[in-house]
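Listed below, chain by chain, are the residues.
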Amino acid sequence: KAGVTQTPRYLIKTRGQQVTLSCSPISGHRSVSWYQQTPGQGLQFLFEYFSETQRNKGNFPGRFSGRQFSNSRSEMNVSTLELGDSALYLCASSRDRGFGNTIYFGEGSWLTVV
Amino acid sequence: KNEVEQSPQNLTAQEGEFITINCSYSVGISALHWLQQHPGGGIVSLFMLSSGKKKHGRLIATINIQEKHSSLHITASHPRDSAVYICAVVEYNNNDMRFGAGTRLTVKP
């Protein structure tokens, strides 16, 4: 079966703009989580969605938001982009909420803010 | 101090060697994940542990909840094992996921 799909793979934005990233989970998976990876901070947890509800949120400002649709697909949005938002954004899916199951990662979206 | 500490940060081995990567954490956890990241970014989940030991092929992962420590072992290492290995813990209190900084493994033929 198809893996976790993230779009777009690469994008360049200007400071102050906003960006929306999309994630399609593995069929049957109801939990989607998002992560930011930078050379300086490493991997950091952004948020988790399950059944269209945000279940958990990491320590990020309100400029970072997300949502989940009834088909479990998820989007994350970053508003008023800053240079420091340049990162690899990863999405992962799992069958159930929480992280007590195997999580499956997408290939990520590389965001560059100039 | 990071709640999740991995050692070593970098590791170079010859093909065939036995590899051990360590992960220590300071918070109460409900689960621990070992992840593998190849150049280009893709991450693969290797193990999810809440107790004991798991084995998959040449990879073995152990966890000692009382000592707050986990190890990932690779037997008969191969150049294709070259990657960054990341330990991630799930905090028991709030279900947050916290990551170690990763161990960069290079296996030379």
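Each remark here, short or long, concerns the structure printed above.
Residues numbered from 1 in each chain as written. Chains lettered and ligands numbered in written order. Predicted model: local features only at pLDDT ≥ 70, side-chain atom pairs only at ≥ 80, totals over all residues. Heavy atoms only, no water.

*Asks:* What is the right way to read the interface of chain B and chain A from this model?
*Replies:* By a frequent convention, interface size equals the accessible area lost on bringing the separate parts together. Residue-level contacts link 17 residues of chain B with 20 residues of chain A. When chain B packs against chain A, close to 1400 Å² is buried across both sides, 60% of that on carbon and sulfur atoms. Among the residues of chain B in contact with chain A, I43, M97 and F99 of chain B are the three that bury the most area, contributing 36% of the side total. Remark: the boundary between chain B and chain A carries 5 residue pairs in polar contact (both at pLDDT 80 or more). Where the side of chain B that touches chain A is concerned, the elements lending two or more residues are β4 (29-37), β5 (43-49), β9 (83-91) and β10 (97-99) of chain B. (Contact = heavy atoms within 4.5 Å. Buried area = accessible area lost by both parts, 1.4 Å probe. Polar contact = N/O pair within 3.5 Å; in protein donor to acceptor, adjacent residues only side chain to side chain. Helix = DSSP H or I, 4+ residues; strand = E, 2+ residues; numbered from the N terminus.)

*Asks:* Sorry if this is basic, but what is going on with the nonpolar core here?
*Replies:* In globular proteins that are soluble, nonpolar side chains generally tend to be buried together. One finds L32, W34, L72, Y85 and V89 of chain B to be the most contacted residues of the largest nonpolar core, which totals 24 residues. Elements with a minimum of two residues in this core: β3 (19-25), β4, β5, β7 (59-64), β8 (69-74), β9 and β11 (103-108) of chain B. Aside from chain neighbours lying at most four places away, what touches L32 of chain B is C23, Y25, F47, M48, L49, I63, S70, C87, A88 and V89 of chain B. Membership of the second largest hydrophobic core comes to 21 residues, among which are W34, F64, A87 and L111 of chain A. (Core = buried A, V, L, I, M, F, W, Y, C linked by side-chain atoms within 4.5 Å. Buried < 20%, exposed > 50% of the residue type's maximum accessible area, 1.4 Å probe, protein only.)

*Asks:* What exactly am I supposed to notice about the pairing of strand β6 (residues 52-56) of chain B here?
*Replies:* Consecutive residues of a regular strand have side chains that alternate between opposite faces of the sheet. Residues and elements named next belong to chain B. Counting buried residues along β6, only 0 of its 5 residues qualify, which leaves the element largely exposed. With 5 bridges joining them, β6 and β7 adopt antiparallel strand pairing. Within β7, the position partnered with K54 by the bridge is A61. Connecting the antiparallel pair β6 and β7 is a turn made up of 2 residues, with G57 showing a positive phi of about 60°. (Pairing = 2+ DSSP bridges.)

*Asks:* What is the right way to look at the sheet that holds strand β1 (residues 5-7) of chain A in this model?
*Replies:* In a beta sheet, neighbouring strands pair by backbone hydrogen bonds and run either parallel or antiparallel. All names here are of chain A. In space, the 4 strands of this open sheet follow the order β1-β3-β8-β7, with antiparallel pairing throughout. Edge positions in the sheet fall to β1 and β7 (64-68), since each has one partner strand and no second. Averaged over all pairs of adjacent strands, the angle between their axes in this sheet comes to 20°, without regard to strand direction. (Axes fitted to C-alpha atoms, helices over the stretch in contact; angles between N-to-C directions.)

*Asks:* What is the right way to read the pattern of salt bridges from this model?
*Replies:* Side-chain pairing between opposite charges can occur once the charged atoms of the two side chains come close. What the rule picks out here adds up to 7 salt bridges over all chains. E82 of chain A is the salt-bridge partner of R63 of chain A, the closest N and O atoms lying 3.6 Å from each other. In this pair, R63 of chain A is assigned in the loop between β6 (53-57) and β7 and E82 of chain A in the loop between β8 (74-78) and β9 (87-94), connecting sequence segments 19 residues apart. The exposure class of R63 of chain A is buried, given its relative accessible area of 17%. Under the relative-accessibility criterion, E82 of chain A is labelled partly exposed at 43%. Among the ionic pairs, D96 of chain B bridges to R98 of chain B, the shortest N-O distance being 3.7 Å. For D96 of chain B, a relative accessible area of 13% gives the class buried. Ionic contacts of the salt-bridge type, sharing partners, join the residues R63, E82 and D85 of chain A into one network. (Salt bridge = Lys/Arg side-chain N within 4 Å of Asp/Glu carboxyl O.)

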